[in-house]
Amino acid sequence: MDTSILSVTGRIFDIQRFSTHDGPGVRTIVFLKGCPLRCRWCCNPESQSYEIQQMKQKSSVKTVGKDISVGEVLEEILRDRPYYRRSGGGLTLSGGESLLQPDFAVALLTACHENGINTAMETTGFADPAVIERFIPHLDLFLMDIKHTNSRKHEEFTTKPNEKILANAQLIAEKAKKLIIRVPVIPGFNDTEQEIGDIAAFAASLPNVKEIHLLPYHRMGKDKYDGLNRPYLMGDVPPPSAEHMQRLLQVCEQHGLTTHLGG
Ligand code: SF4
């Protein structure tokens, strides 16, 4: 292994071990700091700014974000190697958006592959295609959000239009080992059968894409907005019902896709 990649540093805000979401098997999730979008429903608002921040938590104050080397993160990841072997698990990059820290993220993915560890990444796909191309050889699985097919509505709720995202989905579908499309189902934004059907039709049109995951909106991040002194823009909007989610899964199945509820 080129050991110089171990000294590349990046900015993260959390590492979670023993996750059974966000990819196959038992996984370690590394959360990178900084995101180009500002989704109204984001449950990790502390991920959005690249800056290191202070976040109030009940009676204490937590520092969110730290700079760390690939070697240090790798050491943490390798602790659970026996679990990855038995379960087919590995590393998942999350955030935030790893595409904003390509040197660090690609070095970490490379180091994992060189140690025989499966790699996955949750992504918005919002980056220049040249950046995406750097990641493709080092990922076993892309978990990519498609939040809406209508660019105007996408921008209204996430602050960014979707043309670049849809084009990158095509690029990833053509070149990556595996791509699963994920859709956060957000009441008042994209939760009608028509809107989910449009996303499913787009996903089904991508080469090699066979699977779509629907992630129902939840309110678990609300307290973090208070801790960051930010307003919670979703107000009192309730999560979608189980029945409604079942109907939306059926809509996706009508497009020939395998469906999954949750991450
Ligand atoms: S893309 Fe994800 S991390 Fe970024 S603002 Fe949206 S929900 Fe939050």
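Everything in this summary refers to the structure shown in the same document. (Residues numbered from 1 in each chain as written. Predicted model: local features only at pLDDT ≥ 70, side-chain atom pairs only at ≥ 80, totals over all residues.)

## Notes on the overall build of the protein chain
Helix and strand content of the protein chain: nine helices and 11 strands. Its C-alpha atoms put the protein chain at 50 × 45 × 35 Å along the principal axes. Looking at the protein chain residue by residue over its 263 residues, the buried ones come to 40%. Nonlocal contacts in the protein chain, meaning residues at least 24 apart in sequence, comprise 74% of its contacts between residues at least 6 apart. (Helix = DSSP H or I, 4+ residues; strand = E, 2+ residues; numbered from the N terminus. Buried ≥ 20, exposed ≤ 12 C-beta atoms within 10 Å, placed from the backbone. Contact = placed C-beta atoms within 7 Å.)

## Some thoughts on the site of the ligand
Cys 35, Leu 37, Arg 38, Cys 39, Cys 42, Asn 44, Ser 47, Gln 48, Gly 95, Gly 96, Glu 97 and Thr 124 make up every residue found near the ligand. Tallied by class, the residues present in the shell around the ligand amount to four nonpolar, six polar and two charged. (Near = placed C-beta within 6 Å. Nonpolar A, V, L, I, M, F, W, Y, C, P; charged D, E, K, R; others polar.)

## Some remarks on the sheet that holds strand E7 (residues 118-123)
Strand order across the open sheet formed by nine strands is E5-E1-E2-E6-E7-E8-E9-E10-E11, with mixed pairing between neighbours. The open sheet has two edge strands with one neighbour each: strand E5 (66-69) and strand E11 (258-261). Neighbour-to-neighbour, the strand axes of this sheet turn through a mean angle of 30°, independent of strand direction. Where strand E6 (residues 90-94) and E7 come together, four bridges link them in parallel fashion. Within E7, the position partnered with Leu 91 by the bridge is Thr 119. Strand contacts of helix H1 (residues 70-78): strand E1 (9-19), strand E2 (27-32), E5 and E6, with the helix running at about 80° to E5, the strand carrying the most contacts. (Pairing = 2+ DSSP bridges. Axes fitted to C-alpha atoms, helices over the stretch in contact; angles between N-to-C directions.)

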